Structures are given as structure tokens and as C-alpha cells.
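Results of the structural survey
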Amino acid sequence: MVLKDINHSFGYHTRKIVTMFFPLEKIRSDGNEQIEVITKQDNYELTVSARVFEKTACASYTAKAGEDMARAMSLLLFRLLCDLTGFVPQWGILYGVRPARLMHAKTEELGEEGAKRFFLESLVTPEKTELAFDVMKSENKIIALSQRNSYSLYVSIPFCPSRCSYCSFVSHSIENASELIQPYCDLLVKELKETAKAASALGLRLETVYFGGGTPTTLSAFQLDSILSAVESYFDLSHLREFTVEAGRPDTVTEEKLSVLLKHNVSRISINPQTFSDEVLKLIGRRHTVEQTYKAYELAEKLGFNNINMDLIAGLSGDTLKTFENSVNCAVSLGAKSITVHNLALKSGAFLVTENENYELSKRALAGNMIDYSYLKLKNEGYKPYYMYRQSKSLGNLENTGWCKEGFDCLYNVFMMDETHTVLSAGAGAVTKLKNPDTGHIERIYNYKYPYEYLNDFEGIIARKQGIYSFFTE
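Described below are features of the structure shown in this document. (Residues numbered from 1 in each chain as written. Predicted model: local features only at pLDDT ≥ 70, side-chain atom pairs only at ≥ 80, totals over all residues. Heavy atoms only, no water.)

On to the packing of helix α6 (residues 221-234) against helix α7 (residues 255-263). Two numbers describe how α6 lies on α7: the axes approach to 9 Å, and their chain directions differ by 10°. Comparing the axis directions of α6 and α7 gives the class roughly parallel. Of the residues in α7, those in contact with Ala221, Leu224, Asp225, Leu228 and Glu232 of α6 are Glu256, Lys257, Val260, Leu261 and Lys263. Here the contact of α6 with α7 is built from residues that sort into five nonpolar, no polar and five charged. (Axes fitted to C-alpha atoms, helices over the stretch in contact; angles between N-to-C directions. Helix = DSSP H or I, 4+ residues; strand = E, 2+ residues; numbered from the N terminus. Parallel < 35°, antiparallel > 145°, perpendicular 65-115°, else oblique. Contact = heavy atoms within 4.5 Å. Nonpolar A, V, L, I, M, F, W, Y, C, P; charged D, E, K, R; others polar.)

This is the structure in C-alpha cells:
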């Protein structure tokens, strides 16, 4: 598609708005395309025109002196594209990753009612406005737990049994990378040791640990034990509030592996079916069955895990409203202490997009209905929304929301999403996020993205760790 911005500097905003409506389109500034949007400013006069195949529309608005012109242009463009496409994104002109964080900032500035009014005037629906407000209240209680010297630890295990069609994470299937796993684990232990040295020298206080990926339980019980032992040996865990390990794929869950997690006092695990439909599982390339999900969950409960999360995704290929409702109902009936409902993100690195670019955007309305059902069902079953984030190019421009029973919030998720404090990270694809507690300034240290890069230049990874010291001492 073509997006032309004439005589103004609001291009960042207009680009975000058009992406809500056309998430798979590559945006160009000129050319002959089937979709064209032109925005223009002439003093206080704003105009927008658009052509979507054979349909055209235009609109104008005369701004007042002192009015936020970027916001006015966003509202004008948003309304025109809603009329032209028949699609009305429920988050209005808000495109940020953290709606609850914006709600918090606006509450401090305008008060609770003023903050809600700002959302509504941004064309956010009343339901999404209340969701952002509820999440803000839950997040604030957790954020208050963090101290000046608090930090969290993230450990990346970028391997999976197979790659799902919707996945854009840095993860390798063990079919293609099995020979990398043990060398990777050996070096990861060394990186954890260096990371712990920095944390100790700087007097940092560890609040939460999170093993993600990939699928950490792709590793053998022996490999899990070695990495968990490293965390236990090298880090001061005396203030630890939460220890999460994603056992995301039910086909990787065994009694031996779960026993290793219990041995190392892992307090929270995630068993992620994504759907309770065998047909949908096959379509998305997820090589396990619904029966395996049930068995993995029951085994974890039997062994003593009482804080189990389950992830579901709205908008998967082949999923219907009925089958998605069944998935939510199944997760609830199992008694999961938290249920995270994701909205399918059309990421460019996923097979779904790269190999199947004709993915039907008409499914946006269906995804919205799925999210709406989960909201009503989970709220009625005693779950509360405790954290939320949004991704660009998500189906229907909707949100991902973590729901939990009272007292079972995932602290790491909130600390990470709010950018509450420093997150020290280890492993391929991991990003250390350093935060100055006084100024809020954030710097990032990036590890190599892929396991083979991590293995080939591990000394480079260790050298980058020196940035942790300089950030806190200079």
C-alpha cells in the first residue's frame, strides 16, 4: 500500500493507524498500489483521502488553536478508515504496547475519571477502557513490591520439539538443532555464573526468575537439572518471590522433568495447549494431542504443582468460535490458576505469514468474538485480568491478557511488561534490560539471536556483560 504524508510530521502516527487496518501490507511512500492513503495539513486544516481497491473516501477537519494536531490527524484518519473498511478496532487510535501503563500515567495526570475519559475520547470502547483500568489496579499492587535494587532473571532456552506455524520466536526444532543443545547448556551455565557475579557485586536483589524460550522442557531432565543447579548455586535466592519455568509443550512434560523442577523449588509452571482441538493442533503444526495436555496437567498436579498457567490463542487457523469457547472452558475446568489469552499476531517471521500471506483478515471479527467470550467467561469464573500487552500486526488489533485467580499473578510478567526494574538475561536471543531506579533511563544489552551464533562467539557474550557494571557504576 501507499501512504503519503504531506506537509506534516505525523508520519509515525499515520503509519501506526493504517497498520491497524492493513497489518500485512508493506507500506511505501509512492507507487501504484491497490490501497492508497493520503494525509495532508494546511495550517489548521487537516484532510485525509483513501482508496481501497474500488472504494474511495475523503474527510477533513479544522483544528483549533493549541489543539494536538497529531492526535487530531489520527482521529480523522481512524474514522475514515473505519467507514471505508467496515472494521472498527476496539482500542481506537491507541497503538502502544502497554495500555495499562498509559492508563496509569493518565490517572496520575487527570485522575481516574479523567483517564477513562481520555481513553474513550481516543475511541477506545468502554469494555477495553475498563479492562485497561482493571489491569492497572492489579499491576500497581505488584509494582509496589519492587525495591530500588530489585531485579529479575530471564533464562532463554531457544529449542522446541517442532516449530508452530504462528511462531516468530528465536526457537529451533530439535529435529534441526539437536547437536547444539548440550554445548548450549554448558555455555549457558557459564553465562549464568558471570551474570550472578555482576548482580552480587552491584548489590542487586533477585525477585523473580523466568525460564522461557522456546520450550525449556525440551531439554532432558539432566540438562534442566544442571541449569537449575547453576541458578541455585550462583544466585542469592533468599528474597526470591517467584520461580517460573515454561513447560509449554505438553509432549515435553515427563515425571522425571517435573521432579527436577520441584527439586529446585520452581513455584510456577506453564502448560500451554494453545487450543483444545486436535484438528487445530494439526493445522498449526503443533505435534501433540489434547489428551497429552490433560495428562501433562494431571501429572503436574499429582506431583504437587499448584500454580499452573495455561496459554490459549484466539484466531488460530481452523479454530471456530465454538471450538475456542470449548478451549477456554476446558482450561477453566482443569482448574488452571492462571490462563493467558493471546491474540494471534501476524508476525513476518512466522510460517503463517511468510508461506501463507493470503491469511484471511475477515477473521478479525471472529478473533474479537473469541476474546470477548474469554473476558466474560473468565471474569464470571473468578479470574481477574492482572497483566496485558499488545503486539503490532495482531489479528483485529486486539490484546493479550493474563487472567488469574486471586494471589496467583505472575510477578515476572508484570515487572517485565511495566519495565519496573532491571531484567538480567542469559541465553541466545535474550535481552538484558538495565533500568536506572532514579531516572527511569533504560539501556539494553543484546545477546546473539541464534544458538549457533551464541556458541561461535561466547566470549563476545561475556564481554558484553561488562555493560552491566558500567551502567550501575558510571
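Time to look at the packing of aromatic side chains. In total, this model carries 17 aromatic pairs according to the counting rule given. Arranged with centres 5.8 Å apart and planes meeting at 80°, the rings of Phe21 and Phe87 form a pair that is edge-to-face. Residue Phe21 is located in helix α1 (residues 11-21), and its partner Phe87 is located in the loop between α2 (69-85) and α3 (99-121); the two are separated by 66 residues in the primary sequence. Comparing Phe21 with Phe87, the two get one shared label, buried. Their ring planes at 45° and their centres at 5.0 Å tell us that Tyr184 and Tyr454 sit as a pair that is tilted. Residue Tyr184 is located in helix α5 (residues 174-201), and its partner Tyr454 is located in helix α14 (residues 451-456); the two are separated by 270 residues in the primary sequence. The class of Tyr184 is buried, set by a relative accessible area of 0%. An aromatic cluster is built from Phe159, Tyr184, Tyr454 and Phe458, whose rings are joined through pairwise contacts. Positioned above the aromatic ring of Phe87, the side-chain terminus of Arg364 is 4.2 Å from the ring centre. Taking the ring centre of Tyr383 as reference, the NZ or CZ of Lys405 above it sits at 4.5 Å. (Phe/Tyr/Trp six-rings, centres within 6.5 Å; stacked < 30°, edge-to-face > 60°. Buried < 20%, exposed > 50% of the residue type's maximum accessible area, 1.4 Å probe, protein only. Lys NZ or Arg CZ within 6 Å of the ring centre and 35° of its normal.)

This part is about the sheet that holds strand β1 (residues 2-6). Taken in spatial order, the four strands of this open sheet run β1-β2-β3-β4, and their pairing is mixed. The open sheet terminates on both sides in strands that have one partner only, identified here as β1 and β4 (55-62). On average, adjacent strands in this sheet sit at an angle of 5° to one another, irrespective of strand direction. Here eight bridges tie strand β3 (residues 45-52) to β4, and the two strands are oriented antiparallel to one another. Its bridge partner being in β4, Val48 is matched across the sheet by Ala59. The strands that α1 touches are β1 and β2 (35-42); relative to β1, the one it contacts most, it runs at about 150°. Each of β2, β3 and β4 is contacted by α2, which is oriented at about 30° to β3, the strand it contacts most. (Pairing = 2+ DSSP bridges.)

Further remarks concern α6. End to end, α6 covers 20 Å across 14 residues, agreeing with the expected 20 Å (1.5 Å per residue, within 8%). Within the sequence span of α6, burial applies to Ala221, Gln223, Leu224, Ile227, Leu228, Ala230 and Val231. (Expected span 1.5 Å × (residues − 1).)

Let us now look at the pattern of salt bridges. Pairing of side chains with opposite charge becomes possible as their charged atoms draw close. Throughout the structure, instances matching the rule amount to 22 salt bridges. Glu419 is paired through a salt bridge with Arg98; the nearest N and O atoms lie 3.3 Å apart. Within this pair, whereas Glu419 is found in the loop between α13 (411-418) and β15 (422-426), its partner Arg98 is found in the loop between α2 and α3, the two being separated by 321 residues in sequence. A relative accessible area of 25% means that Arg98 is categorised as partly exposed. Lys377 is the salt-bridge partner of Glu381, the closest N and O atoms lying 3.1 Å from each other. (Salt bridge = Lys/Arg side-chain N within 4 Å of Asp/Glu carboxyl O.)

A cluster of acidic residues, Asp278, Glu291, Glu298 and Glu301, forms a negative patch on the protein surface. Top element by residues in the negative patch is helix α9 (residues 290-303). It accounts for three residues. Since its relative accessible area comes to 46%, Glu291 is described here as partly exposed. (Patch = residues over 30% accessible without salt bridge, like charges linked within 9 Å, V, L, I, M, F, W, Y side chains within 5 Å. Areas by Shrake-Rupley, 256 points an atom, 1.4 Å probe, with all protein chains shown as cover. Lys, Arg positive; Asp, Glu negative; His and termini not counted. Charge placed at Lys NZ, Arg CZ, Asp CG, Glu CD.)

This paragraph deals with the environment of Ser277. In this structure, Ser277 sits in the loop between β10 (268-270) and α8 (278-283). A residue is classified by how much of its surface remains accessible, and Ser277, at 10% relative accessible area, is buried. Remark: the alpha-carbon pair of Ser277 and Val290, spanning 13 residues in sequence, is separated by 6.6 Å.

Quick look at the pairing of strand β11 (residues 308-314) now. Of all the seven residues making up β11, seven are buried; the element is thus mostly covered by neighbouring parts of the structure. Burial along β11 is two-sided: Ile308, Met310, Leu312 and Ala314 and Asn309, Asp311 and Ile313, pointing in opposite directions, are all buried. By the bridge criterion, two bridges tie β10 to β11 in an arrangement that is parallel. Within β11, the position partnered with Ile269 by the bridge is Ile308. As defined by bridge partners, β11 adjoins strand β12 (residues 338-343) across six bridges and the pair is classed as parallel. Looking at β12, one finds that Ala314 is bridged to Asn343. The parallel pair β11 and β12, bridged by helix α10 (residues 321-334), forms a crossover whose chirality is right-handed. (Right-handed = clockwise from strand over helix to strand, strands pointing away.)

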